[in-house]
Structure formats: structure tokens, C-alpha cells
Amino acid sequence: MFVSKACQSFEVLILGRLVFGLFCGLVMSLNPLYIQEVSPTKLRGAFATLNQVSLAAGTLVGMVRTVQSDLFRTHISRTSSLCVRLQVVGLETVLGTEDHWAMMLSLSLIPALTQYLLLPFCPESPRYLLINRGEERRAETALLRLRGREDEMLAELQEMKEEAAHTTSSITIQEFIRKRSYKQPILIVLTVNLGSQLSGFNAIINYSTRMFQASFDEAKYLTLGVGVVNLTFTLVAVSPAFRCSPVMKSVNVLLSLQFFLMERAGRRKLLLTGFIFIAGCNLLMTVVDSVLPLLPQLRSLQVLLVFCAVSAYELGPGPISWFIAAELFDQPGRPAAMAFTSLLNWGGKFVLALLFPPLLKLCGAYVFLLFSVAALLAFTFTWSRLPETKGRTFDQIAEEFRGAESISLLNSTGFHTFT
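Quick notes on the rules
Residues numbered from 1 in each chain as written. Predicted model: local features only at pLDDT ≥ 70, side-chain atom pairs only at ≥ 80, totals over all residues. Heavy atoms only, no water. Helix = DSSP H or I, 4+ residues; strand = E, 2+ residues; numbered from the N terminus. Buried < 20%, exposed > 50% of the residue type's maximum accessible area, 1.4 Å probe, protein only. Contact = heavy atoms within 4.5 Å. Salt bridge = Lys/Arg side-chain N within 4 Å of Asp/Glu carboxyl O. Expected span 1.5 Å × (residues − 1). Disulfide = S-S within 2.5 Å. Core = buried A, V, L, I, M, F, W, Y, C linked by side-chain atoms within 4.5 Å. Phe/Tyr/Trp six-rings, centres within 6.5 Å; stacked < 30°, edge-to-face > 60°. Lys NZ or Arg CZ within 6 Å of the ring centre and 35° of its normal. Axes fitted to C-alpha atoms, helices over the stretch in contact; angles between N-to-C directions. Parallel < 35°, antiparallel > 145°, perpendicular 65-115°, else oblique. Left-handed = near helix turned anticlockwise from the far one by under 90°. Nonpolar A, V, L, I, M, F, W, Y, C, P; charged D, E, K, R; others polar.

(A) Just the overall build of the chain, in detail. For the chain, the count of helices and strands is 21 helices and 2 strands. Sorting the 419 residues of the chain into buried and exposed places 48% on the buried side. The long-range share in the chain, meaning contacts at least 24 apart out of those at least 6 apart in sequence, stands at 71%.

(B) Inspection of the pattern of salt bridges at higher detail. Within the structure shown, the criterion is met by 13 salt bridges. One salt bridge in this structure joins R334 and E37, with 3.8 Å as the shortest N-O distance. One end of the pair, R334, is in helix α19 (residues 334–363); the other, E37, is in helix α2 (residues 10–38), and 297 residues separate them in sequence. With respect to burial, R334 and E37 carry one shared label: buried. Close ionic contact of R334 with E163 constitutes a salt bridge, the shortest N to O distance being 3.5 Å. Of this pair, R334 sits in helix α19 while E163 is found in helix α9 (residues 150–165), placing the two residues 171 residues apart along the sequence.

(C) Representation of the environment of I188. When you line up the elements, I188 lands in helix α11 (residues 183–197). Taking relative accessible area as the criterion, I188 reaches 1% and is therefore assigned buried. A sequence separation of 193 residues divides I188 from F381, and the C-alpha atoms of the two residues are 7.8 Å apart. Residue contacts for I188: discarding those within four places in its chain leaves L328, F381, R385, L386, P387 and F401.

(D) Structural context of the environment of S311. Inspection of the secondary structure puts S311 in helix α17 (residues 299–315). Considering only alpha carbons, one finds S311 and I278, 33 residues apart in sequence, at a separation of 8.8 Å.

(E) Region of interest: helix α18 (residues 317–328). For α18, with 12 residues, the first-to-last C-alpha span of 16 Å sits near the 16 Å given by 1.5 Å per residue. Within α18, 12 of the 12 residues are buried, which leaves it mostly tucked inside the rest of the structure. For α18, the set of buried residues is P317, G318, P319, I320, S321, W322, F323, I324, A325, A326, E327 and L328.

(F) Structural context of the state of the cysteines. This structure, assessed with the given rule, holds 0 disulfides. C281 forms no disulfide, and the closest cysteine sulfur to it belongs to C308, at a distance of 5.0 Å. For C281, a relative accessible area of 7% corresponds to the buried category. The exposure class of C308 is partly exposed, given its relative accessible area of 33%.

(G) Representation of the nonpolar core. F176, I320, L328 and F329 are the most contacted members of the largest nonpolar core, which has 29 residues in total. Discounting chain neighbours no more than four positions away, the residues touching L328 are P185, I188, V189, L386, T389, I397 and F401. Counting residues in each nonpolar core, the second largest holds 21 residues, with I278, L305, A309 and Y313 among its members.

(H) Spotlight on the packing of aromatic side chains. Applying the stated rule across the entire model yields 8 aromatic pairs. Look at F356 and F371: their rings are 6.0 Å apart centre to centre, the planes differ by 25 degrees, and that puts the pair in the stacked class. Taken together, the residues F356 in helix α19 and F371 in helix α20 (residues 367–385) connect sequence positions 15 residues apart. F356 sits in the buried class, given a relative accessible area of 2%. Put simply, the rings of F176, Y182 and F329 touch in pairs and so form one group of aromatic residues. Above the ring of F394, the side-chain terminus of R44 is found at 4.6 Å from the ring centroid. The lysine or arginine in question, K349, covers the ring of W346, its NZ or CZ lying 5.6 Å from the ring centre.

(I) Highlighting the environment of L298. Following the sequence through the fold, L298 ends up in the loop between α16 (267–291) and α17. A C-alpha to C-alpha distance of 6.9 Å links L298 and V288, two positions 10 residues apart in sequence. Beyond its immediate sequence surroundings of up to four residues, L298 is in contact with V288, V291 and L292.

(J) Examining the side chain of S342 more closely. Summarising the element assignment, S342 is placed in helix α19. A residue is classified by how much of its surface remains accessible, and S342, at 6% relative accessible area, is buried. Not counting the four nearest positions on each side in its chain, S342 is found in contact with G25, S29, W322 and G347.

(K) Highlighting the packing of α16 against α20. One way to put it is that α16 packs onto α20 with a least axis distance of 8 Å and a crossing angle of 160 degrees. One finds that α16 runs roughly antiparallel with respect to α20. α20 is crossed by α16, and the crossing has left-handed handedness. Contact residues: R268, L271, L272, F275, I276, I278, A279, N282, L283, M285, T286 and D289 in α16; F368, L369, F371, S372, A375, L376, A378, F379, T382 and W383 in α20. Across the contact of α16 with α20, the residue classes break down as 16 nonpolar, 4 polar and 2 charged.

Bear in mind that shape data such as this cannot, by itself, settle questions of function.
Dropping the structure here:
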């Protein structure tokens with residue numbers, strides 16, 4: 001994409017975006033998959049959420065916000081450059097200018113090269129080595145390197161052997177779709193991911209500047225605030241998983257606030273809380289946007305509701321939707337499940353970004369009612385079908401689905417959970 005400016009070729013920019021899109025599709029399924037497989041059970045959710053933290057941080061620092069249509073046409077005719085606005089680095093006062101937009105896009109090389117150079121030092125997934133490859137010695141070495149203690153390594157290795165005894169080394173896509181024990185997990189993954197994407201979060205992220213422009217002169221700075229809230233509540237959703245060394249005691253309180261909820265509240269409660277709050281925020285945004293022309297004093301409430309919706313999304317549906325599939329499926333089905341997750345998430349983002357402008361024009365403020373309905377449907381299905389996976393081994397979770405057309409998740413108190 002950086003080269004497109006030097007050679008004055010709009011086609012090169014499109015090609016760069018295509019390659020970048022393929023990378024995003026792969027990395028957002030492979031990252032959670034790898035993190036889940038190498039993390040200890042009690043910290044699995046917290047570590048997996050760090051992937052969403054990175055995504056939110058990248059959104060804040062450099063996600064493309066809007067494209068100036070007149071300069072877009074100018075670049076197509078190769079007589080000038082493309083001017084884009086980005087959050088933080090994309091503000092016109094930083095790099096979002098005709099002269100510096102190419103430099104802004106090239107900044108993605110820094111994390112990409114860093115990851116490329118550091119990946120060779122990361123151990124292979126012990127679960128992949130043992131269950132998929134049958135290489136017990138290598139799996140033992142990798143697990144000991146990850147855990148550091150032989151007793152923990154032996155206990156987890158035994159758990160992986162028990163899982164391997166119930167599964168095959170691999171399955172085809174056709175087997176993945178037809179396997180009876182996968183039907184419920186597939187429906188759960190489908191509902192959670194589509195519910196999180198169609199609840200309106202990405203419409204807010206993509207079009208927040210336009211939403212605020214009618215009421216505020218400096219709308220782009222409120223959009224920057226959306227990015228800050230997005231990152232902040234992603235951090236809050238993790239957990240107090242990391243115990244500080246003496247050198248880090250000075251930031252212990254901050255880390256405890258950031259890494260708080262995922263391993264304390266659990267996936268199920270965070271999803272339910274997130275979906276119901278998003279539904280409520282969308283309902284209130286419908287009311288506020290409808291009466292805003294009559295009561296312009298409510299414009300601050302509109303901003304507050306947007307911030308609340310973003311907060312609710314990042315507390316639960318945002319991070320959990322990306323890794324819940326890795327917890328619901330056994331080792332053979334996990335890669336296909338994560339690919340399915342990536343398809344649903346990116347597909348949902350694409351559909352929402354495509355349909356929101358015409359829906360907004362057609363329905364006006366009532367478009368948020370559609371988002372509210374999607375969130376409520378996801379809430380209802382999550383309440384009735386999703387078990388709590390916090391603190392459970394992969395084999396224990398898979399056992400609940402194994403060999404059954406449907407499952408009962410009711411305990412003695414009637415609450416849908418494993419515990």
C-alpha cells in the first residue's frame with residue numbers, strides 16, 4: 001500500500017488491501033487458537049482476551065475511519081494522492097494528510113515484522129503435537145517449556161492423553177458439519193458471533209463520526225473517544241491473572257483493574273451482560289435520536305449511549321466471540337471451528353458495514369431497533385444453550401456434547417451452567 005503512492009497506482013493499493021485482508025482473516029483465527037492451546041486452563045480466557053486487546057489497541061492507533069471521496073476520485077485519475085483519516089495517527093494534525101497517508105499505512109510493517117521475528121522462539125502447541133501428530137516427546141518438551149514445572153506438565157500431559165483417547169487425529173470439513181456432537185457447538189458459535197456482529201458495534205465504530213457530525217463540530221475527536229473506551233473495556237474484560245514480581249509491584253493495582261473479569265465472572269455471564277446492555281443501549285439510542293431534532297440538549301446523552309454500547313460489547317461479546325469456539329470443540333474440530341468463527345466475524349462486519357448506510361437512510365433512528373433485536377436473540381440463545389467453560393478442561397467441555405443430539409445443562413438449582 002505504501003508503494004501505491006510512489007508509483008501512482010490505485011490498483012497496487014487495492015492489491016495491498018487484498019493481501020492485508022487475507023492476513024487479517026488468518027491471524028484472527030490462528031492467534032486465539034494458538035493462545036488457547038498453550039495457555040493453562042485457569043488462565044485460558046484471560047490470555048485469549050489479550051488478542052482482542054491488541055485488536056482494540058490497533059483500532060485506536062490506526063484503523064481507517066473515513067475516506068475523502070473527492071481525493072479518492074483524484075487518486076483514481078492519478079493526479080493526486082489519497083487522503084484518509086485515521087484514529088490518532090490518522091488525525092489531520094498527525095499523519096492523516098495528503099503527504100503522509102502512505103507513511104501511515106506503512107506503519108503496520110512494524111508489528112508484522114516484530115511478530116515474524118519472534119514467532120520462531122515460540123514453542124509449538126503441545127496439544128497439536130500430541131493429539132494431531134502423536135509426538136509425545138516433543139509435546140512433553142514444549143509443555144515443560146511453557147509451564148516451567150514438571151508436576152504441572154505431567155498433570156496437563158495426562159489430561160491431553162485422556163482427550164486424545166476420545167478423539168481422532170483429524171477430521172474433514174464434511175465430517176465437521178455432519179458430526180453429531182458438533183451440532184450444538186456450531187449453533188452456539190453461529191449465534192454468539194452473528195449476535196455480536198449484528199448488534200451494531202461495528203456500525204458505531206465505522207460511522208461514529210457521521211453520527212456525531214450533526215451535533216458536534218469536532219466529531220472526529222468524539223470518535224477517538226470511542227476508540228479509547230473500546231480499548232479500556234477490553235482491558236477490563238481480562239482478569240487478575242498475572243501476579244507481579246517485586247519489580248512490577250508498583251503497577252499491581254492497575255493490572256488488577258485491567259485483568260479482572262474474564263476468569264472471575266466467566267464467559268457466560270459476560271456474554272449475557274454484554275448482550276442485554278447492548279440491546280438496552282440500542283433501544284435508548286432509538287429514542288434519543290428520534291427526539292434529538294426537538295431536544296438538541298440530548299446530544300450529550302447520545303454520546304454517552306454510544307460509549308456505553310461500546311463498553312458492553314468489549315466486556316463480553318467482543319473478545320469472547322473470537323475464542324469461545326476453541327473451548328467448545330475438541331482438538332480435531334478446533335481449527336475448523338476457528339476458521340468458521342473468523343468467517344462469521346469478518347462476514348458479519350462486511351454485511352453490517354454494507355447495509356448500515358441504506359438501512360439508516362430507510363429506517364432513520366429505528367435502525368437501532370434492528371440491532372437491539374439481534375442482541376436480544378443472541379441473549380436468549382446464550383441463556384438457554386451456552387454452558388460455562390471457565391475453569392474446565394477441553395475434554396470436560398467436549399464430554400458434555402459428545403455423542404448427544406442435544407444436551408442438558410441444568411444443575412440442581414435449574415441454572416444453565418456446568419458448575
